[in-house]
Every structure is written in C-alpha cells, then in structure tokens.
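Now for the letters of each chain:
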Amino acid sequence: MGDNFRKIEWQIIRLEEVDSTNEYAKRIAETSPEGTVVVARRQIAGKGRKGRSWASPKGGLWLSVILKPGRVDPRLVFVGALAVVDMLADFGISSGIKWPNDVWAAGKKIAGILTEGKGSEYVVLGIGINVNNLVPEELRESAVSMFELLGTKIPPERVLERLLPHISGWYRVFLERPDLLMGKVREKTFILGGTVRVIQDEGELIGRAIDILDDGSLLLETSSGLRRVVYGDVSLRFVEHI
Ligand code: ATP
Ligand code: BTN
C-alpha cells in the first residue's frame, strides 16, 4: 500500500465517568485531531443505534475514536468490527461479525460498534466491549463478556492497547483498499448461508443471507428474489425454520 499514509498518533483522553464517549467525542471532534480517543470507565448514558441503551458499567471497555477520512462511507463501521475480532483473537477468543454492527462470540454479543459523524468533517467510531463487566440480567441470554469466556480478568487498558493497532491497520485498508476490507468482512461474517429476519423501518424481510457486497450491503435471497439490504439502522434476527 502507498507510503504516503499518515500514521495515526493516538491521543487518549481517559475519563472516570461520562454520559457517552460518543457524545463526548462529538463535542470535541471539530477541534481535535484524528486519532483522539475518548475512553471512560463507566458510561451513564451509553447508547446503541436508534437511541437504544448500551449497558456500560465499570469493567468494560467503552471508547470512541475520532477519525477524519474526508469522505462519508458507512463501511467505516467494519474497521471497528474487524479490529475487535482481531483483538479478541489475540486473547484466544474466536469471534465473528453479525452484520452490520455487532461482534459475537460463543453465540452471544460481546461487542457493538456505533459510528456517528458530521458529513465529511469527522466520524466518531464508538466501540463497546464487554471485558470484565457483568452483563445485565435481562441480557444474559444474548450477551457475553471476555471474562466469562476466558475465566480470567484482563485489565481493559490492556485490551485497549491491543485494539488500537488493529484499528489503525484496518483504517489504512479502509482508506486505501476498501475492497480488501470488505473481503475480510465477508470472511468474518458468520451469518452467511443462514436464514435471517431483517427488521427495518419499512418493514421486515426474511431470506437467506447470501453475501456481503463491496459497498457493505447484505444480499438476501427471499421468496420474491434477490434483495439488497443497505447498511443502516437494520437489525438482524436468526431464523431457525420458516
Ligand atoms: P441486536 O441485533 O444485537 O439485538 P440491535 O442491532 O437491534 O441489537 P443495537 O442498537 O445494535 O440494536 O444494540 C443495542 C442493543 O444491544 C440493546 O437494545 C440491548 O439489547 C443490547 N445491549 C445493550 N448493552 C449491551 C452490552 N453491554 N452487551 C451486549 N449487548 C448489549
Ligand atoms: C450497538 O450494538 O448498538 C452499538 C453499541 C455501541 C456502544 C459503544 S460504547 C462506546 C460508545 N459510546 C456509546 O454511547 N456507544 C458506543
């Protein structure tokens, strides 16, 4: 890849408590350089997509990275997802991407990614990883932490140390060879081949997940033919039998 890539210099802002690291990062994004990272030990208003809440007690890794790619490209979410998958592999945890914005391990959600931006000015890449935190009672069936899988506590700071180089690596691929980024996403997306229910504002679709296209969209084979589902506020559910 080209040598004119500017290496990201991380500048880490560590907070004890914050509403949401994404909100904090958005407040400072215009005046902060690319590579500014906001990490909090606890979020009191951590959020997922569409204002859904994200449980963020002490013990997890809750961070937002300010990036300035100079273009609007929803595929940036996959930089976060792939970096998490690689970081988990470093700790011996095998995981996969649940398109479009979650990372799953052992059949449960271990991390979520939320990108927010202002046009081509900046993007905030928010990443939440269950490290040592307990997942709330009502999410026990669907969520898991690194601690539960490893049986040992890893300081969130060490997880961050591992994660950042993977973010810069995949960010570079995103900037220079988005086709390669999407190739890796395809490889790591575990829903392919399975039947899923896609929930969108416009309604629901059921079909077999066939492929992730280079533009980041999901190709579904439905009873009425092939349908392309564009990345957005889309939720997926697995379907056992239809
Ligand atoms: P999913 O498909 O995983 O149900 P979604 O795509 O419909 O989620 P998102 O906005 O991506 O919705 O994620 C928010 C959801 O994640 C919440 O509604 C909650 O169910 C779940 N969640 C909240 N906190 C955590 C956490 N710490 N770990 C795992 N899952 C969480
Ligand atoms: C999702 O699965 O919906 C995405 C969850 C994203 C959670 C992270 S935690 C750090 C950052 N700050 C937030 O409020 N949300 C993201």
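Residues numbered from 1 in each chain as written. Chains lettered and ligands numbered in written order. Predicted model: local features only at pLDDT ≥ 70, side-chain atom pairs only at ≥ 80, totals over all residues. Heavy atoms only, no water.

Considering the sheet that holds strand 9 (residues 203–212)
Note on sheets: strands pair through backbone hydrogen bonds, and any given pair is parallel or antiparallel. An order of 11-10-9-8-12 is seen for the 5 strands of this open sheet, with the pairing classed as antiparallel. Taken across any chain shown, the strands that pair with only one partner, and hence form the sheet edges, are strand 11 (225–229) and strand 12 (235–238). Each adjacent strand pair in this sheet contributes to an overall mean axis angle of 45°, direction not counted. (Pairing = 2+ DSSP bridges. Helix = DSSP H or I, 4+ residues; strand = E, 2+ residues; numbered from the N terminus. Axes fitted to C-alpha atoms, helices over the stretch in contact; angles between N-to-C directions.)

Some words on the domain arrangement of the chain
The domain architecture assigned to the chain consists of domain 1 (11–188) and domain 2 (195–238). Distance from the C-alpha centre of domain 1 to the C-alpha centre of domain 2: 23 Å. Across the contact, 17 residues belong to domain 1 and 19 residues belong to domain 2. Each partner contributes to the roughly 1500 Å² buried at the junction of domain 1 and domain 2, and carbon and sulfur atoms together form 58% of this total. For domain 1, the biggest contributors to the area lost against domain 2 are Lys-50, Trp-99 and Arg-186; these three give 45% of the whole. Taken together, the links from domain 1 to domain 2 amount to 8 residue pairs in polar contact (both at pLDDT 80 or more). Contributing elements (two or more residues each) for the side of domain 1 that touches domain 2: helix 2 (76–90) and helix 5 (178–188). (Domains from an automatic or database assignment. Contact = heavy atoms within 4.5 Å. Buried area = accessible area lost by both parts, 1.4 Å probe. Polar contact = N/O pair within 3.5 Å; in protein donor to acceptor, adjacent residues only side chain to side chain.)

Some points on the packing of aromatic side chains
Taken as a whole, this structure holds 5 aromatic pairs when the rule is applied. Measuring from centroid to centroid gives 6.0 Å for Trp-104 and Phe-190, while their planes differ by 45°, and the two rings are tilted. Of the two residues, Trp-104 sits in strand 5 (residues 102–105) while Phe-190 sits in the loop between helix 5 and strand 8 (195–200), which places them 86 residues apart along the sequence. Consider the rings of Phe-190 and Phe-238, whose centres lie 5.9 Å apart with planes at 40°: the pair is tilted. Separated by 48 residues along the polypeptide, Phe-190 in the loop between helix 5 and strand 8 and Phe-238 in strand 12 bring together distant segments of the chain. Overall, the relative accessible area of 36% leaves Phe-190 in the partly exposed class. (Phe/Tyr/Trp six-rings, centres within 6.5 Å; stacked < 30°, edge-to-face > 60°. Buried < 20%, exposed > 50% of the residue type's maximum accessible area, 1.4 Å probe, protein only.)

So, the nonpolar core
Within the largest apolar cluster, 58 residues are counted, with the highest numbers of intra-cluster contacts made by Val-84, Ile-129, Met-146 and Leu-163. The dominant element in this core, judged by the number of residues it contributes, is helix 2, at 11 residues. Both domains that meet at this core, namely domain 1 (11–188) and domain 2 (195–238), each give it at least three residues. Discounting chain neighbours no more than four positions away, the residues touching Leu-163 are Leu-61, Leu-63, Ala-83, Val-84, Met-87, Ile-127 and Ile-129. Of all hydrophobic cores here, the second largest spans 10 residues; its members include Leu-15, Val-18, Val-38 and Ile-66. (Core = buried A, V, L, I, M, F, W, Y, C linked by side-chain atoms within 4.5 Å.)

Some remarks on the sheet that holds strand 5
The sheet built from 7 strands is open, its strands ordered 1-2-3-7-6-5-4 with mixed pairing. The open sheet is flanked by strand 1 (11–18) and strand 4 (96–98), the only strands paired with a single partner. The average angle at which neighbouring strand axes cross in this sheet is 25°, direction not considered. Examined bridge by bridge, strand 1 and strand 2 (residues 36–43) share 7 bridges and lie parallel to one another. Residue pairing for strand 2: Arg-14 is matched across the bridge by Val-39.

Some thoughts on unusual backbone geometry
For the bond running from Trp-99 to Pro-100, omega is 5°, close enough to zero to count as cis. Positive phi, normally seen in glycine, also occurs at Lys-50, with a value near 55°. One non-glycine residue with positive phi stands out, namely Ala-106, at about 50°. Among the structural elements, Ala-106 can be located in the loop between strand 5 and strand 6 (108–118). A relative accessible area of 59% means that Ala-106 is categorised as exposed.

What about the site of ligand 1?
Ligand 1 sits among 15 residues. The nearest are Arg-49, Ala-55, Lys-109, Asn-130 and Ser-235. One of the side-chain nitrogen or oxygen atoms of Asp-102 is found 3.0 Å away from an oxygen atom of ligand 1. Ser-235 places a polar side-chain atom, nitrogen or oxygen, 2.7 Å from an oxygen atom of ligand 1. Taking 610 Å² as the accessible area of ligand 1 by itself, protein coverage stands at 86%. The residue inventory of the shell around ligand 1, partitioned by class, reads 4 nonpolar, 5 polar and 6 charged. (Near = heavy atom within 4 Å. Areas by Shrake-Rupley, 256 points an atom, 1.4 Å probe, with all protein chains shown as cover. Nonpolar A, V, L, I, M, F, W, Y, C, P; charged D, E, K, R; others polar.)

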